[in-house]
Amino acid sequence: MTRPNGVIQLYPLVRIALMLILGIVLADAIPFFSNPSTCVSLLLGTAAVAVLTIRHAHLSSATILVASVFLGAWLMALQKSDRQSCPINQAVTYKAIVTDTPTAQGKVLKCNLLIIDIAEKSNSHTPFLVRASILKDTLTNHWQSLTTGSTIVAQSVFNNDFTLFSSSKFNFERWMQAHQIYATTFVYFADWQNTQLTNEEIHRIPTVEKLRLQLLQIRKRLLGNAWQQRLSADNQALIASIALGEKSSLTSTQREAYSKAGVSHVLALSGLHLGIIYSVLSALFSTILYRIVRRDWAEFIVQTIITATLWGYVFLVGLPPGAVRSALMLTLYAFVSLLHRDRLSVNSLAFACIVMLIANPSTLWDVSFQLSFLAVLSIIIFYPPLFSLYQSTTRWASLLRPVWGIVCVSIAAQVGTMPLIAYYFGRFSCYFLLSNLLILPLITLLLYATLASFIVQGAPLLHNLVLDAMQRLATTVQTLVNGISSLPHSTLDGLQFNLFQTYLAYILIAFVYALGLYARKWFRIRRQIQQL
């Protein structure tokens with residue numbers, strides 16, 4: 001067996017992920033790689049060389065990495081080519097489905113439309129998304145009938161000039177690409193009406209999109225029925241965001257308070273939320289099935305049920321990047337747990353990254369994707385050495401280990417994401433450690449209570465008790481967030497990191513980390529010499 005000749009060889013998926021990213025960047029920046037035919041020819045050629053050189057491990061490995069570059073370039077080139085199918089700067093009549101929750105902004109209603117059929121096109125096309133601004137009709141209020149899953153027929157002009165919506169740091173065109181939205185459009189209130197799709201048009205909708213729309217309809221019913229009677233509007237908005245990924249009800253004041261307090265991440269579905277679901281389902285099914293079925297079969301059934309449930313939840317909340325990344329990692333975690341292997345590593349993170357980029361290469365430029373992966377990577381790298389600094393010598397000191405764990409996770413995540421947050425948002429939250437120590441345990445309890453509220457809906461008395469607990473927990477969270485965000489010097493605003501400074505900050509972090517590892521190794525060797 002060949003011994004790995006470096007740390008990077010211990011993480012083969014990391015190398016493939018990096019090469020895939022390189023290919024995506026090349027296809028985006030260099031016209032030569034923007035041609036799908038060129039890229040697929042190069043991909044097939046290098047794949048053939050990899051097969052022919054399979055007996056030469058190093059050469060075959062290098063060829064596979066080159067093939068990964070061309071795979072990323074080909075996927076990105078295909079996506080750029082697909083965008084050309086959208087008719088730009090011409091009036092078209094089309095049938096479309098509303099795929100998200102419409103949000104009222106001033107005189108318009110904003111939503112995403114999945115274009116199913118275009119009257120001016122004789123041949124069928126692959127459905128694509130546009131970002132629509134629909135002018136409100138204040139006389140009939142017909143716009144209020146639009147909701148997730150509504151089908152309309154409309155006439156408007158598709159536009160792909162995004163310079164008006166961009167700023168120095170926010171690239172609206174990149175945001176549109178990451179969300180696979182081809183164009184924007186403005187719809188006059190008299191130029192649309194509700195309609196129905198034919199069976200042929202329904203068959204054109206991708207299966208994944210059909211499933212997502214059906215689950216979003218279920219989410220809408222859950223939001224409408226679950227908490228309205230006993231929760232305040234602000235608390236409903238908070239719980240809808242952290243439990244079901246519905247952020248449209250959050251006020252700008254709420255968002256700003258969570259940003260200042262340094263806990264905006266609790267509003268975004270991520271590993272915290274899916275980890276709680278995984279642990280609850282694992283405890284529940286393991287307790288039941290281990291008593292009925294043989295242990296190895298019970299473990300297989302439990303992990304299969306949990307994985308299917310997790311992905312159902314991810315579709316239910318609209319496939320946000322943080323939740324998809326977490327679901328992919330937990331899926332791999334479930335699989336390798338059956339093989340009794342190392343369950344969480346940088347390879348798991350790289351696997352999630354590869355799958356997401358293959359599904360949508362432009363996700364690379366999504367801010368939430370970048371922050372999510374950097375936060376988890378930073379936790380994997382920095383959490384173990386930070387946590388090992390705490391030495392509990394007494395029983396009372398051991399009780400503080402969970403608190404120290406939260407501190408280490410918060411610091412590790414902040415180290416990894418701080419330069420990127422400064423680049424995109426120009427802000428640093430000074431009290432992030434205090435906020436996470438106080439708020440994360442309460443958010444965890446609130447998520448457990450929310451899960452319990454769905455389970456006990458059939459028992460009114462018990463359901464009301466759970467809702468009362470949710471109201472108190474949510475109110476406490478809101479009070480703490482508002483209090484911390486209003487403290488003097490809660491944020492450092494106006495941080496103007498440019499791209500070069502952001503890269504420099506990450507290089508500095510890597511240098512300090514390497515220096516720390518070297519110093520730790522040196523002190524260990526010195527201690528061993530002294531003991532001789």
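Scroll up a little and you will see the structure.
Throughout what follows, the structure given in this document is the object of discussion. If you're wondering where the values come from, they're calculated on a predicted model, not measured in any experiment. Residue numbers restart at each chain and count upward from 1, following the sequence in its written direction. Since the coordinates come from a predicted model, pLDDT governs what is reported: local features require at least 70, and pairs of side-chain atoms require 80 or more to be given and counted, while whole-chain, interface and lining totals use all residues. Processing note: side-chain calculations cover all non-hydrogen atoms of the structure and skip hydrogens and water entirely.

For the rest of this paragraph, the subject is the nonpolar core. As used in this record, nonpolar core signifies buried Ala, Val, Leu, Ile, Met, Phe, Trp, Tyr and Cys residues forming a set joined through side-chain atoms within 4.5 Å. Summary of the burial criterion: residues with accessible area below 20% of their type's maximum are buried, those above 50% are exposed, and those between are partly exposed, where the area comes from a 1.4 Å probe applied to protein chains only. In terms of nonpolar packing, the biggest core is built from 80 residues, with Leu-238, Tyr-258, Leu-274, Leu-446, Met-470, Val-477 and Val-481 touching the most fellow members. Any two residues whose heavy atoms approach within 4.5 Å are treated as being in contact. Those residues in contact with Leu-238, other than ones at most four positions away along the chain, are Leu-250, Tyr-258, Leu-267, Leu-446, Ala-474, Val-477 and Gln-478.

Turning to the pairing of strand β5 (residues 151-159), a few remarks are in order. In short, DSSP must find at least two bridges between two strands for them to pair. By the criteria applied, helices consist of DSSP H or I runs no shorter than four residues and strands consist of E runs no shorter than two, each listed in order from the N terminus. Bridge count between strand β1 (residues 91-98) and β5: 7 bridges; the pairing is antiparallel. The partner of Tyr-94 across the bridge, within β5, is Ala-154. Bridge count between β5 and strand β6 (residues 181-187): 2 bridges; the pairing is antiparallel. Among the inter-strand pairings, Phe-158 is bridged to a residue of β6, identified as Thr-185.

With respect to the element layout, Ser-241 can be found in helix α7 (residues 233-244). Looking at Ser-241, its side chain comes within polar contact range of the main-chain oxygen of Leu-267, at 2.9 Å. A 3.5 Å cut-off defines polar contacts: any pair of N or O atoms within that distance qualifies, except that in protein one atom must be a possible hydrogen donor and the other a possible acceptor, and neighbouring residues in sequence count only when both atoms are side-chain atoms.

Take the environment of Val-14 next. Its location among the elements puts Val-14 in helix α1 (residues 12-29). Between the C-alpha atoms of Val-14 and Asp-137, which are 123 residues apart in sequence, the distance is 52 Å.

The next point concerns the packing of α1 against helix α12 (residues 346-359). Orientation is described by axes fitted as lines to C-alpha atoms, over the contacting stretch for helices, and by angles from 0 to 180 degrees between their N-to-C directions. Orientation of α1 relative to α12, taken along the N-to-C sense of each, is 30°, at an axis distance of 8 Å. Considering their axes alone, α1 and α12 lie roughly parallel with respect to each other. For the pair α1 and α12, the sense of crossing is left-handed. Mapping the contact onto sequence places Pro-12, Leu-13, Val-14, Ile-16, Ala-17, Leu-20, Ile-21 and Ile-24 in α1 and Val-346, Asn-347, Ala-350, Phe-351, Cys-353, Ile-354, Leu-357 and Ile-358 in α12. Charged residues are taken to be Asp, Glu, Lys and Arg, nonpolar residues to be Ala, Val, Leu, Ile, Met, Phe, Trp, Tyr, Cys and Pro, and polar residues to be all remaining types, Gly included. When the residues that make up the contact of α1 with α12 are grouped by side-chain class, the tally is 15 nonpolar, 1 polar and no charged. Working rule for angles: under 35 degrees goes down as roughly parallel, over 145 as roughly antiparallel, 65 to 115 as roughly perpendicular, anything else as oblique. Crossing handedness follows the turn of the near helix against the far one: under a right angle anticlockwise gives a left-handed crossing, and clockwise gives a right-handed one.

Our next topic: the side chain of Glu-209. Examined against the element boundaries, Glu-209 turns out to sit in helix α6 (residues 207-225). You can call Glu-209 buried: its relative accessible area is 16%. Apart from residues lying up to four places away in sequence, Glu-209 is in contact with Thr-99 and Leu-114.

Although it is not a glycine, Asn-89 sits at a positive phi angle of roughly 60°. Looking at the element boundaries, Asn-89 is found in the loop between α3 (57-82) and β1. Here Asn-89 falls in the exposed class, since its relative accessible area comes to 56%. Phi is positive for Asn-141, close to 55°, though the residue is something other than glycine. Mapping Asn-141 onto the fold places it in the loop between β4 (128-135) and β5. Residue classification places Asn-141 among the partly exposed residues on the basis of a relative accessible area of 32%.

Let's shift gears to the packing of α1 against α3. The N-to-C vectors of α1 and α3 enclose an angle of 40°; their axes lie 7 Å apart at closest approach. With respect to α3, the element α1 is oriented oblique. In the crossing of α1 with α3, the sense of the turn from one axis to the other is right-handed. Where α1 abuts α3, its residues Arg-15, Ile-16, Met-19, Leu-20, Leu-22, Gly-23, Ile-24, Leu-26, Ala-27 and Asp-28 lie against Leu-65, Ser-68, Val-69, Leu-71, Gly-72, Ala-73, Met-76, Ala-77 and Lys-80. Here the residues of the contact of α1 with α3 sort into 13 nonpolar, 3 polar and 3 charged.

Another aspect to go through is the pairing of β1. Along any regular strand the residues' side chains alternate between the sheet's two faces. Counting buried residues in β1 gives 6 out of 8 residues, a clear majority hidden from the surface. Note: β1 against strand β3 (residues 108-118), 5 bridges, orientation antiparallel. Paired with Lys-95 across the two strands is Asp-117, which belongs to β3.

Here we take up the pattern of salt bridges. Counted as salt bridges are all cases of a side-chain nitrogen of Lys or Arg within 4 Å of a carboxyl oxygen of Asp or Glu. Considering all chains together, one arrives at 9 salt bridges under this definition. Across the salt bridge formed by Asp-28 and Arg-174, the nearest N and O atoms sit 2.6 Å from each other. Taken together, the residues span a long stretch of sequence, with Asp-28 in helix α1 and Arg-174 in helix α4 (residues 172-178) at a distance of 146 residues. With a shortest N-O distance of 2.8 Å, Arg-427 and Asp-493 are connected by a salt bridge. Placement of the pair is Arg-427 in strand β8 (residues 427-429) and Asp-493 in strand β9 (residues 491-493), with a sequence separation of 66 residues. Since its relative accessible area comes to 15%, Arg-427 is described here as buried. Salt bridges here are not isolated pairs; linked through shared partners, they connect Asp-117, Glu-200 and Arg-204.

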